[in-house]
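Listed below are the residues making up each chain.
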Amino acid sequence: MKKKTNLGLATHCVHAGDTLDEHGAVFTPLYNFSTFGFPDTQSVLDVVEGRVEGSLYTRYGLNPTIQAVEKKLAAIEGGEAAWIFSSGMAAETATFLARCKSGDHIICFGDVYGGTYELLDTCLPNLGITTTFMLGSEINQLSDSIKSNTRIVFFETLTNPNMEVLDIAAIVTIAKKHDVLVVVDNTFATPVNLNPLALGVDLVVHSTTKYLGGHSDLTGGVVIGSKELLKPIWHWRKNLGQVMAPEVAHLLARSLRTLVVRVNAHNASAQILAERLIEHPRIIKVNYPGLPDSVGHNIAKRQMNGFSGMVSFVIDGSTQETADLVDRLKLFTIAPSLGSVESLVTQPIITTHHNLTSAERTKRGIVDSMIRISVGLEDVEDLWDDLEQALK
Ligand code: PLP
């Protein structure tokens, strides 16, 4: 049979990076070893000096299980290569440290995960790397905010927790004019719904803890892009010792095989719930790009293939009433994560955005009565019944 070269995303999810081993294992087995042996000194040197691609030492990422899932992730996001990390925050940290030095500047655009905010706002300034935080609505001021020492414009492709959709092509055009790298966090959107590299973004990071892992049973991260841009990040990962463990990489590879079916099902149920939530009398606002009246709907329609499984909404009620509503939910587990087969619920002010000052939260519309749900793969009617009884 003639091999097709332009394979689809679901095919990459199942096959990319995997070859049958000598036993015919249908995908790359778990090589749970810290080091790998060589027949002679020349063979070691060939791998150490990069002439031959091979296994060497797991902390370097030179482990067959790790290398296989990295090839799969690169194919899924359409990048040349990928490096996997022990967490999403590890991937972000290595990326910022590899691309910025003391005296450099980052622009963080729109809402971001609270941990990312803390890294940029309080950790990196200790190393002389400063960040200007801008609202997603301030795109007209982006060009003027880029300084001669700005190295990166960073944003989430679907923002946490407001589900804002930023115009990626427009941001890329501005950043390129100033020769600044565009790095995005594609965790909420996933590669099924959005391909930032195809829109001109330089590097894509993910918390693989979320949709890519998909089962709340692993913690990891990845950065994907061109080999040239990734090269310095590899050295930071190696020397900070941030690589993902092989057991976790194997679990991630297993999960990626079902990514497309899972995300399409998350999208479909989230759309149904968002449409019903917006009609509910106790709800003031629903943030979901699949709703025709949502702020980012037109941009989302243009740049996305689907609208994700994440929904946030604001209820007409006090902080206590919001907590009571969350506590009444039975099928949604209260947990500060997302992207898993089971539905999860969180109040951003209690968890993901707890470390922001109340002034910062107010500026970003992260109000006390906001609830964020990660719509799982349960029957959607059961999820709706649960939300309805909690809203009563
Ligand atoms: N990016 C986003 C959008 C997140 O929601 C999170 C965690 O919740 C992270 C990054 C950090 O990921 P991790 O917890 O895997 O370090």
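Counting of residues starts from 1 at the beginning of each chain's written sequence and follows it residue by residue. With pLDDT at 70 or above as the cut-off, local features in this predicted model cover only qualifying residues; side-chain atom pairs require 80 or more to be listed or tallied, and sums for whole chains, interfaces and linings still use all residues. With hydrogens and water excluded, all non-hydrogen atoms of the structure serve as input to the side-chain values.

Student: So what's going on with the overall build of the protein chain? Residues and values would help.
Tutor: Secondary structure elements follow DSSP: runs of H or I of four or more residues count as helices, runs of E of two or more count as strands, with numbering from the N terminus. Across its full length, the protein chain holds 15 helices and 12 strands. The C-alpha atoms of the protein chain give a radius of gyration of 21 Å, which matches the 21 Å a tight globule of 392 residues would have. Taken along its principal axes, the extent of the C-alpha atoms in the protein chain is 70 × 50 × 40 Å. Accessible area is worked out with a 1.4 Å probe on protein chains only. A residue is then buried under 20% of its type maximum, exposed over 50%, and partly exposed in between. A burial count over the protein chain gives 56% of its 392 residues as buried. Computation of the radius of gyration draws on C-alpha atoms alone. For the globule rule, the value is 2.2 Å times the number of residues to the power 0.38.

Student: An account of the side chain of Lys 72 is requested, with residue identities and associated values reported.
Tutor: Along the polypeptide, Lys 72 turns up in helix α3 (residues 64-77). Relative accessible area serves as the criterion here: at 0%, Lys 72 is assigned to the buried category. N or O atoms within 3.5 Å of each other form a polar contact, as long as, within protein, one can give a hydrogen and the other can take it, and as long as residues adjacent in sequence are counted only when both atoms are side-chain atoms. Among the polar contacts made by the side chain of Lys 72, one reaches the main-chain carbonyl oxygen of Ala 16 at a distance of 3.2 Å. One polar contact links Lys 72 to Asp 18, side chain to side chain, over a distance of 2.8 Å. When checking whether two residues touch, look at their non-hydrogen atoms; a contact exists if any pair is within 4.5 Å. Every residue in contact with Lys 72, bar those within four places of it in the chain, is listed here: His 12, Cys 13, Val 14, His 15, Ala 16, Gly 17, Asp 18, Ala 253, Leu 256 and Arg 257.

Student: Please provide a residue-by-residue account of helix α7 (residues 168-177), values included.
Tutor: Taken together, the buried positions of α7 are occupied by Ile 168, Ile 171, Val 172, Ile 174 and Ala 175. End-on, the buried residues of α7 take up no more than an arc of 165 degrees, which puts them together on one face. One or two residues past the end of α7 sits Asp 179, with phi positive at roughly 60 degrees. What the arc covers is the set of directions going from the helix axis to the C-beta atoms.

Student: Break down the packing of aromatic side chains for me, with residues and values.
Tutor: Planes of paired rings set the category: under 30 degrees apart is stacked, over 60 is edge-to-face and the rest tilted, where pairs are Phe, Tyr or Trp rings (Trp by its six-membered ring) whose centres lie within 6.5 Å. Per the counting criterion, the structure on display carries 5 aromatic pairs. Look at Tyr 57 and Tyr 60: their rings are 5.4 Å apart centre to centre, the planes differ by 75 degrees, and that puts the pair in the edge-to-face class. The partly exposed category is assigned to Tyr 60, whose relative accessible area is 23%. Seen from their ring centres, Tyr 117 and Phe 133 are 4.4 Å apart, and the 35 degrees between their planes marks the pair as tilted. One end of the pair, Tyr 117, is in helix α5 (residues 114-123); the other, Phe 133, is in strand β3 (residues 130-134), and 16 residues separate them in sequence. Charge-over-ring contacts are defined here by two conditions on Lys NZ or Arg CZ: a distance within 6 Å of the ring centre and an angle within 35 degrees of the ring normal. In this structure, Arg 237 is placed above the aromatic ring of Phe 85, and the distance from its NZ or CZ to the ring centre is 5.9 Å.

Student: Can you lay out the sheet that holds strand β1 (residues 81-85) for me, pointing to particular residues and giving the numbers?
Tutor: Any two strands with at least two DSSP-identified bridges between them are counted as paired. Reading across from one edge, β1-β7-β6-β5-β4-β2-β3 is the order of the 7 strands in this open sheet, with mixed pairing throughout. A strand with exactly one partner marks an edge of an open sheet, and here the two such strands are β1 and β3. Across the sheet, the mean angle separating the axes of adjacent strands is 20 degrees when strand polarity is ignored. As paired elements, strand β6 (residues 203-207) and strand β7 (residues 221-225) share 5 bridges and run antiparallel to each other. The residue of β7 that forms the bridge with Leu 203 is Gly 225. In this analysis, axes come from line fits to C-alpha atoms, helices being fitted only over the stretch in contact, and the angle between any two N-to-C directions falls in the range 0 to 180 degrees.

Student: Account for α5, with residues named and values stated.
Tutor: Within the sequence span of α5, burial applies to Gly 114, Gly 115, Thr 116, Tyr 117, Leu 119 and Leu 120. Elements in contact with the buried residues of α5: α4 (88-99), β2 (105-109), β3, β4 (150-156) and α14 (358-363).

Student: For the environment of Asp 111, give the residues involved together with the corresponding values.
Tutor: Within the secondary structure, Asp 111 sits in the loop between β2 and α5. Here the alpha-carbon distance between Asp 111 and Arg 372, two residues 261 residues apart in the chain, equals 14 Å. Dropping the residues within four chain positions of it, Asp 111 is found in contact with Glu 156, Thr 159, Asn 160, Asn 162, Glu 164 and Arg 364. A distance of 3.3 Å separates a polar atom in the side chain of Asp 111 from a polar atom in the side chain of Arg 364.

Student: Which residues make up a negative patch on the surface, and what values go with them?
Tutor: Only residues whose relative accessible area exceeds 30% and that form no salt bridge enter a patch; like-charged residues are grouped when within 9 Å of one another, and nonpolar side chains (Val, Leu, Ile, Met, Phe, Trp, Tyr) when within 5 Å. For the area figures, the Shrake-Rupley method with a 1.4 Å probe applies, and any residue is considered shielded solely by the protein chains shown. What counts as a salt bridge is simple: a side-chain nitrogen of Lys or Arg found within 4 Å of a carboxyl oxygen of Asp or Glu. Note on charges: Lys and Arg go in the positive column, Asp and Glu in the negative column, and His and the chain ends are not counted at all. All charge positions are set by atom: Lys at NZ, Arg at CZ, Asp at CG, Glu at CD. Residues Asp 379, Asp 382, Asp 385 and Glu 388 make up a contiguous surface patch of negative charge. Take Asp 382: it is sitting in helix α15 (residues 380-391).

Student: Describe the side chain of Thr 93, with residues and values.
Tutor: Tracing the backbone through its elements, the reader meets Thr 93 in helix α4. Classification of Thr 93 by relative accessible area gives buried; the value is 19%. Leaving out residues up to four positions away in the same chain, Thr 93 has contacts with Leu 119 and Gln 242.

Student: Residues and numbers for the site of the ligand, please.
Tutor: For this description, a residue counts as near a given molecule or strand if any of its non-hydrogen atoms is within 4 Å of it. What surrounds the ligand is a group of 14 residues, the closest being Gly 88, Met 89, Asp 185, Ser 207 and Thr 209. Within the side chain of Ser 207, a nitrogen or oxygen atom sits 2.8 Å from an oxygen atom of the ligand. Residue Thr 209 places a side-chain N or O atom 2.6 Å away from an oxygen atom belonging to the ligand. If the ligand stood free it would expose 390 Å²; the protein chains cover 92% of that surface. Residue contributions to the shell around the ligand peak at 3 residues, all from α4. For the shell around the ligand, a count of residues per class yields 3 nonpolar, 7 polar and 4 charged. When residue character is reported, Ala, Val, Leu, Ile, Met, Phe, Trp, Tyr, Cys and Pro are called nonpolar, Asp, Glu, Lys and Arg charged, and the others, Gly included, polar.

Student: I'd like to hear about the nonpolar core, residue by residue, with values.
Tutor: Buried Ala, Val, Leu, Ile, Met, Phe, Trp, Tyr and Cys residues that are joined via side-chain atoms within 4.5 Å together make up what is termed a nonpolar core. Formed by 79 residues in total, the largest nonpolar core has its most connected members in Leu 73, Leu 277 and Ile 373. Broken down by element, this core gets its largest block of residues, 7 residues, from helix α11 (residues 259-279). As annotated, the domain borders come from an automatic or database domain assignment. The two domains that each donate at least three residues to this core are domain 1 (9-256) and domain 2 (263-391). In this structure, Phe 96, Leu 120, Ile 233 and Leu 356 belong to the second largest nonpolar core, which totals 31 residues.

Student: Give me the lowdown on the domain arrangement of the protein chain, citing residues and values where you can.
Tutor: In terms of domains, the protein chain is made up of domain 1 (9-256) and domain 2 (263-391). Domain 1 and domain 2 are separated by 26 Å when their C-alpha centres are compared. Counting from both sides, the interface comprises 34 residues of domain 1 and, opposite them, 40 residues of domain 2. Summing both partners gives a buried area of about 2900 Å² for domain 1 against domain 2, and 56% of it is carried by carbon and sulfur. Viewed at the interface, domain 2 and domain 1 are joined by 2 salt bridges. Residues Arg 302 and Asp 167 are paired through a salt bridge, measuring 2.8 Å at the closest nitrogen-oxygen approach. Applying the counting criterion to the domain 1 and domain 2 interface returns 17 residue pairs in polar contact (both at pLDDT 80 or more). Breaking the side of domain 1 that touches domain 2 down by element, the ones donating at least two residues are α5, β3, α7 and α8 (190-193). Each residue belonging to the side of domain 1 that touches domain 2 can be placed in one class, and the counts come to 19 nonpolar, 11 polar and 4 charged. Reported buried area values correspond to the accessible surface (1.4 Å probe) lost by two parts on association, with both partners' losses combined.

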